[in-house]
Amino acid sequence: MLNRPSRRPRRTVLVLAPALAAAALLTTAGCSGGDGGAGTATGERAASASPVAGRAAAPSPSVTVAPTLTEAQAKSALVTAEDLGGDWEPTKGAATWRDALLKGKADVGDCQRLLDGLYAENLLGEPAGARAVAGFDDADDGAQLRYQVGAYDRAALDASLDWLRKVPDTCGQFTATDVRGGQVTVQAVAAPLPGVGEAREGLHVTVTGETSYLSLDFAAVRVGDSALSLTNGGLDDIDSDDTRQAAQLGTQRLQEVLAGRTPTARPSAQSDGQRDGQGNEQGDRQGDGAGDEQG
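Residues numbered from 1 in each chain as written. Predicted model: local features only at pLDDT ≥ 70, side-chain atom pairs only at ≥ 80, totals over all residues. Heavy atoms only, no water.

*Asks:* Help me out: how do you make sense of the overall build of the chain in this one?
*Replies:* Per the secondary structure count, the chain includes 11 helices and 9 strands. In the chain, which comprises 295 residues, the share counted as buried stands at 40%. When contacts within the chain are restricted to residue pairs at least 6 apart in sequence, long-range pairs at least 24 apart make up 60% of them. (Helix = DSSP H or I, 4+ residues; strand = E, 2+ residues; numbered from the N terminus. Buried < 20%, exposed > 50% of the residue type's maximum accessible area, 1.4 Å probe, protein only. Contact = heavy atoms within 4.5 Å.)

*Asks:* Is there a simple way to think about the pairing of strand β6 (residues 183–190) in this case?
*Replies:* Successive side chains on a regular strand alternate, one facing one side of the sheet and the next facing the other. Sheet topology note: the strand β5 (residues 173–177)/β6 ladder contains 5 bridges and is antiparallel. Bridging from a neighbouring strand, Thr175 pairs with Thr185 of β6. Where β6 lies against strand β7 (residues 199–208), 6 bridges are found, and the strand directions are antiparallel. Residue pairing for β7: Thr185 is matched across the bridge by Thr208. (Pairing = 2+ DSSP bridges.)

*Asks:* When you look at a negative patch on the surface in this model, what are you seeing that I'm missing?
*Replies:* On the surface, Asp140, Asp141, Asp236, Asp237 and Asp239 cluster together to form a negatively charged patch. With respect to the helices and strands, the residue Asp140 is situated in the loop between β3 (131–138) and β4 (144–151). Assessed through its relative accessible area of 55%, Asp140 is described here as exposed. (Patch = residues over 30% accessible without salt bridge, like charges linked within 9 Å, V, L, I, M, F, W, Y side chains within 5 Å. Areas by Shrake-Rupley, 256 points an atom, 1.4 Å probe, with all protein chains shown as cover. Salt bridge = Lys/Arg side-chain N within 4 Å of Asp/Glu carboxyl O. Lys, Arg positive; Asp, Glu negative; His and termini not counted. Charge placed at Lys NZ, Arg CZ, Asp CG, Glu CD.)

*Asks:* Just checking my understanding: could you explain the side chain of Ser229 for this structure?
*Replies:* When you line up the elements, Ser229 lands in strand β9 (residues 226–234). Apart from the residues within four sequence positions on either side, Ser229 is in contact with Leu124, Arg146, Tyr147, Gln148, Phe218, Ala219 and Ala220.

*Asks:* I tried to follow the pattern of salt bridges on my own but got confused; where do I start?
*Replies:* One side chain can pair with another of opposite charge once the charged atoms of both are near each other. Counting across every chain of the model gives 12 salt bridges. Between Asp83 and Arg253 there is a salt bridge, with its nearest N and O atoms 3.4 Å apart. Here Asp83, found in helix α5 (residues 81–84), pairs with Arg253, found in helix α9 (residues 240–258); they are 170 residues apart in sequence, far enough to count as distant. Under the relative-accessibility criterion, Asp83 is labelled buried at 0%. Accessibility expressed as a relative area gives 6% for Arg253, which makes it buried. In this structure, Asp225 engages Arg154 in a salt bridge whose closest nitrogen and oxygen atoms are separated by 2.8 Å. Placement of the pair is Asp225 in the loop between β8 (213–223) and β9 and Arg154 in helix α8 (residues 154–170), with a sequence separation of 71 residues.

*Asks:* When you look at helix α7 (residues 112–120) in this model, what are you seeing that I'm missing?
*Replies:* A turn of α-helix holds 3.6 residues, and therefore any two residues three or four places apart point the same way. Along α7, the positions that sit buried rather than exposed are Gln112, Leu114, Leu115, Gly117 and Leu118. Glu121 occupies a position one or two residues after α7 and carries a positive phi of about 60°.

*Asks:* Which parts of the structure should I look at to understand α8?
*Replies:* Here α8 spans 24 Å end to end across 17 residues, near enough to the 24 Å set by a 1.5 Å rise per residue. The largest bend along α8 measures about 25° and falls at Leu164, with the proline Pro168 one to four residues further on. Within α8, burial applies to Leu157, Ser160, Leu161, Trp163, Leu164 and Val167. Turning to α8, the residues buried within the fold contact α7, β6, β7, β8 and β9. (Expected span 1.5 Å × (residues − 1). Bend = angle between axes of the 7 residues up to and from the residue.)

*Asks:* What is the right way to read the sheet that holds β9 from this model?
*Replies:* The strand order β1-β3-β4-β9-β8-β7-β6-β5-β2 describes an open sheet built from 9 strands, whose pairing is antiparallel. Across the chains shown, the open sheet's two edge strands, defined by having one partner strand only, are β1 (88–90) and β2 (105–106). Note: β7 against β8, 10 bridges, orientation antiparallel. Its bridge partner lying in β8, Gly202 is registered against Ala219. Where α8 meets the sheet, it contacts β6, β7, β8 and β9, and its direction lies at approximately 45° from that of β7. (Axes fitted to C-alpha atoms, helices over the stretch in contact; angles between N-to-C directions.)

*Asks:* What's the story with the state of the cysteines in this structure? I'm lost.
*Replies:* When the sulfur atoms of two cysteines share a covalent bond, that bond is a disulfide. Per the counting criterion, the structure on display carries 1 disulfide. With its sulfur 2.1 Å from that of its partner, Cys111 forms a disulfide with Cys171. Judged by the sign of its S-S torsion, about -100°, the cystine formed by Cys111 and Cys171 is left-handed. Linking Cys111 in the loop between β2 and α7 with Cys171 in the loop between α8 and β5, this pair joins segments that are 60 residues apart in sequence. (Disulfide = S-S within 2.5 Å.)

*Asks:* What exactly am I supposed to notice about the environment of Leu161 here?
*Replies:* By secondary structure assignment, the location of Leu161 is in helix α8. We classify Leu161 as buried; its relative accessible area is 6%. Spatially, the C-alpha atoms of Leu161 and Glu201 are 6.5 Å apart, while their sequence positions differ by 40 residues. For Leu161, the residues in contact, after removing those within four places along its chain, are Leu124, Ala199, Glu201, Ala220 and Arg222.

*Asks:* Please explain the nonpolar core as it appears in this structure.
*Replies:* Inside soluble globular proteins, nonpolar side chains tend to come together where they are buried. Among the nonpolar cores identified, the biggest contains 32 residues, and Leu114, Leu118, Leu124, Leu164, Phe174 and Val186 are the most heavily contacted of them. Of all the secondary structure elements, the ones that give two or more residues to this core are α6 (97–102), α7, α8, β5, β6, β7 and β8. Sort the elements by how many residues they give to this core and α8 lands first, with 5 residues. (Core = buried A, V, L, I, M, F, W, Y, C linked by side-chain atoms within 4.5 Å.)

So this is what it looks like as structure tokens:
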């Protein structure tokens, strides 16, 4: 009896060039007497078993996806009146001094960006994704704190932070014309912030006219592709401790929500002793004895 040559394993057909595989499918369909279902099933099995198809579907292990801030997370990352402590409470509306003293025309073109950004609250540029905003008023000294969290384009965000770092050198002092046509002097100096986040910049800005004066802090902190920013201003000297505290606690909240956790309000880091017994005054105003507990 003659020895028949062994058959070539069927799996070798699966690695044929696409053109030959297509021709084989057409031939199978023709021999089946028009039963296209069998031919199609064979083609599907061949395609699904193809090593090439398997390799194309495999994810790249080197790709790392950064957390993306959602709208719900942005809202959750906002600081609260409880975080700020003291006399801070939810705002009743934008302060009138914004229109009177921040809406002006700078005599140095490059410094117009500073005024416009403080007025529009977009010194970091417009967010590329989710954004949430909150405002607070200090009933004791008339200050207002405006706070926002947003998702940004990383390159644009870093460029804005780099520009802010140079403001004290490029726009340390300039003159501007306010909405009434009066002249004001604008000064900007660096304002150190706590060492939080991955990058941060702070400014202290004053706007001085013949009969007007505005003191304002600006702070920004980057965490990944997200950032918080805030302005704390008033018609008298403001408490920059409030600015630093909002930046520190706000950064912690932002980091927590990006990690998938729900942040909780924290008590003010400015103790009652630092505020010279204001806790008792708050208790008297609130009528619930909370000040005595804080004191």
